[in-house]
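Structural features, examined
The lines below spell out each chain.
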Amino acid sequence: MRAGLENPLPKVEAGGWLSHTTRRPSPHRDLRPTDGDIDLLVIHSISLPPGEFGGPWIDDLFLGRLDPNAHPYFSGIAHVRVSTHLLIRRDGDRIQYIPFCERAWHAGVSCFEGRQRCNDFSIGIELEGSDTAPFAPAQYQSLAAATRAILSAYPRIRPERIVGHSDIAPGRKTDPGPCFDWGLYLSLVA
Ligand SMILES: [Zn+2]
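Here we summarise the structure given alongside this text. None of the values given here were measured: they were computed from a predicted structure.

A separate point is the coordination of the zinc ion. Around the zinc ion, the protein supplies His 44 (ND1), His 165 (ND1) and Asp 175 (OD) as donor atoms, at distances of 2.0 to 2.1 Å. In primary sequence terms, the donor set of the zinc ion follows H-x120-H-x9-D. Of this pair, His 165 sits in helix H3 (residues 165-168) while Asp 175 sits in the loop between H3 and helix H4 (182-189); the two residues are ten residues apart in sequence, bridging distant segments of the chain.

What follows concerns the packing of helix H2 (residues 137-153) against H4. Close contact between H2 and H4 brings their axes to 9 Å; oriented N to C, the two are set at 50°. Taken together, H2 and H4 sit at an angle that is classed as oblique. The handedness of the crossing between H2 and H4 comes out as right-handed. Contact residues: Tyr 140, Gln 141, Leu 143, Ala 144, Thr 147, Arg 148 and Leu 151 in H2; Leu 184, Tyr 185, Leu 188 and Val 189 in H4. For the contact of H2 with H4, the per-class residue count stands at eight nonpolar, two polar and one charged.

Counting residues in each nonpolar core, the largest one holds 26 residues, and the members touching the most others are Leu 41, Ile 43, Ile 150, Ile 157 and Tyr 185. Mapped by element, the contributors of at least two residues to this core are strand S5 (40-46), strand S6 (86-88), strand S11 (122-128), H2 and H4. Per element, the largest residue contribution to this core is seven residues, and it comes from H2. Setting aside anything within four residues of it in sequence, one finds Ile 43 in contact with Ile 125, Leu 127, Leu 143, Ile 162, Val 163, Gly 164, His 165, Asp 175, Pro 176, Phe 180, Trp 182 and Tyr 185.

Rules of the game
- Residues numbered from 1 in each chain as written.
- Predicted model: local features only at pLDDT ≥ 70, side-chain atom pairs only at ≥ 80, totals over all residues.
- Heavy atoms only, no water.
- Donors = N, O, S within 2.8 Å, 3.2 Å for Na, K, Ca; no water.
- Helix = DSSP H or I, 4+ residues; strand = E, 2+ residues; numbered from the N terminus.
- Axes fitted to C-alpha atoms, helices over the stretch in contact; angles between N-to-C directions.
- Parallel < 35°, antiparallel > 145°, perpendicular 65-115°, else oblique.
- Left-handed = near helix turned anticlockwise from the far one by under 90°.
- Contact = heavy atoms within 4.5 Å.
- Nonpolar A, V, L, I, M, F, W, Y, C, P; charged D, E, K, R; others polar.
- Core = buried A, V, L, I, M, F, W, Y, C linked by side-chain atoms within 4.5 Å.
- Buried < 20%, exposed > 50% of the residue type's maximum accessible area, 1.4 Å probe, protein only.

What follows is the structure in structure tokens.
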């Protein structure tokens, strides 16, 4: 095991849930068109309101209960039905909303190597973060541990098939953004 990663490392358990991770099942999911067709990992970042960390708002968005009146920004997004498989908070805490075997709604209009609709065949991980703030060391540790579990359970996700949202939706999405240290992340996964 690589020094620094949590011990024991999490594992993907039966049913597609990650161990050592809080489970909050979201209604924003459906079945994958082709069962078992999972060969891409997409890294995202999100903060609500944008640029602010903490609070229940990301949870609320992914669980379909965001109050449109709680902040001016929320009125424009509260009705949008989105989700992710995993969220990693600033302190490294992981929350899983959708089992990996089902389809989460994280990528939107997207394309990887000529294949459209990346939600069909990918796993999505959101980091609580922004385009302007460095991610926390605890987030890299937690993300790397989760990634190792996912690569072990879904070996068709080779390391070169770990991408950012901005890679599969260029011009539309910028996350995880310039503050995400790909070299550090992939060195922890290797
Ligand atoms: Zn994204």
